[in-house]
Amino acid sequence: KQKHEGMRLFNLSRINNIEIQDYSTFSLPTDYNFMNQVTGSFGCYRDESQKLYKIKFTKDSYAWLYSKDRVWGDKQSVEENEDGYILSFEANQFKPILRWVLGWGDEVKPVAPEELVVEWKKKITNMSKSIIS
């Protein structure tokens, strides 16, 4: 059996073959609030480490019009340049942010962290290969 340390999230609809080992009960601390564990506006996903994200949006794109008035994470700021905007924020939700960036196609490009840029490049390279073949 594997022993997992730390906070875990489970998809209840995927749980099967339940075997009750102990009839003791568990109660959350009275001051517990899951939203205090998640930094970012990308659903119930949580990484252990908070990172600074920088996402570049093409000027006047639908992606920017949709995203500009929303709060995506802590310490959010916007920097305007000649060809677009760089949205910066802190969050601990890497995988949903990667999916979000990919979802905007060529209107959005990750700038930081480097891990996001690398994973984004891998995904778009793989997608382009599947279109060509």
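Everything numeric in this text was worked out from a predicted model, so none of it was measured.

Take the confidence of the model for the protein next. Taken over all residues, the pLDDT of the protein has a mean of 85, while the share at 70 or more is 80%. Taking the mean pLDDT of every element in the protein, the minimum, 92, falls on helix 3 (residues 114-132) and the maximum, 98, on strand 4 (residues 108-112).

Turning our attention to the nonpolar core. Nonpolar side chains in soluble globular proteins tend to end up buried together. Counting 19 residues, the largest nonpolar core has Ile55, Phe57, Phe89 and Trp100 as its most contacted members. Among the secondary structure elements, those contributing two or more residues to this core are strand 1 (51-58), helix 1 (62-67), strand 3 (84-91), helix 2 (94-103) and helix 3. For this core, the element with the most residues is helix 2, which contributes five residues. Setting aside its immediate chain neighbours within four residues, Ile55 contacts Tyr85, Ile86, Leu87, Phe89, Trp100, Val101, Val108, Lys109, Pro110 and Leu116.

Another point: the packing of aromatic side chains. Evaluated as defined, the whole model comprises nine aromatic pairs. Aromatic pair Tyr53 and Phe89: ring centres 5.7 Å apart, planes at 20°, arrangement stacked. Here Tyr53, found in strand 1, pairs with Phe89, found in strand 3; they are 36 residues apart in sequence, far enough to count as distant. Geometrically, the ring pair formed by Phe57 and Trp100 is edge-to-face, given 6.0 Å between the ring centres and 65° between the ring planes.

What follows concerns the pairing of strand 3. Burial runs high along strand 3: seven of the eight residues are buried. Looking at chain direction, strand 1 and strand 3 are connected through eight bridges and run antiparallel. In the sheet register, Tyr53 faces strand 3, and the bridge partner there is Phe89. Strand direction decides the pairing type here: strand 2 (residues 74-81) and strand 3, joined by six bridges, are antiparallel. Pairing of Glu79 across the sheet is with Ile86, part of strand 3. As consecutive antiparallel partners, strand 2 and strand 3 are separated by two residues.

On to the packing of helix 2 against helix 3, then. Across the interface, helix 2 lies against helix 3 with an axial gap of 10 Å and an inter-helix angle of 50°. Compared by their axis directions, helix 2 and helix 3 come out oblique. Pair helix 2 / helix 3 crosses with right-handed handedness. Here Phe94, Ile97, Leu98, Val101 and Leu102 of helix 2 come into contact with helix 3, specifically with Glu115, Leu116, Glu119, Trp120, Lys123, Ile124 and Met127. Of the residues in the contact of helix 2 with helix 3, the class split is nine nonpolar, no polar and three charged.

A word on the pattern of salt bridges. Side chains that differ in sign of charge can pair as their charged atoms come close. Under the definition given, this model contains five salt bridges. One salt bridge connects Asp83 with Lys56, and the closest N-O pair in it is separated by 3.1 Å. Of this pair, Asp83 sits in the loop between strand 2 and strand 3 while Lys56 sits in strand 1, and the two are 27 residues apart along the sequence. Lys122 is the partner of Glu119 in a salt bridge, and the nearest nitrogen-oxygen pair spans 3.3 Å. Of the two residues, Glu119 and Lys122 both sit in helix 3, three residues apart, roughly one turn of that helix.

Reading the values: rules and limits
- Residues numbered from 1 in each chain as written.
- Predicted model: local features only at pLDDT ≥ 70, side-chain atom pairs only at ≥ 80, totals over all residues.
- Heavy atoms only, no water.
- pLDDT = per-residue confidence, 0-100.
- Helix = DSSP H or I, 4+ residues; strand = E, 2+ residues; numbered from the N terminus.
- Core = buried A, V, L, I, M, F, W, Y, C linked by side-chain atoms within 4.5 Å.
- Buried < 20%, exposed > 50% of the residue type's maximum accessible area, 1.4 Å probe, protein only.
- Contact = heavy atoms within 4.5 Å.
- Phe/Tyr/Trp six-rings, centres within 6.5 Å; stacked < 30°, edge-to-face > 60°.
- Pairing = 2+ DSSP bridges.
- Axes fitted to C-alpha atoms, helices over the stretch in contact; angles between N-to-C directions.
- Parallel < 35°, antiparallel > 145°, perpendicular 65-115°, else oblique.
- Left-handed = near helix turned anticlockwise from the far one by under 90°.
- Nonpolar A, V, L, I, M, F, W, Y, C, P; charged D, E, K, R; others polar.
- Salt bridge = Lys/Arg side-chain N within 4 Å of Asp/Glu carboxyl O.

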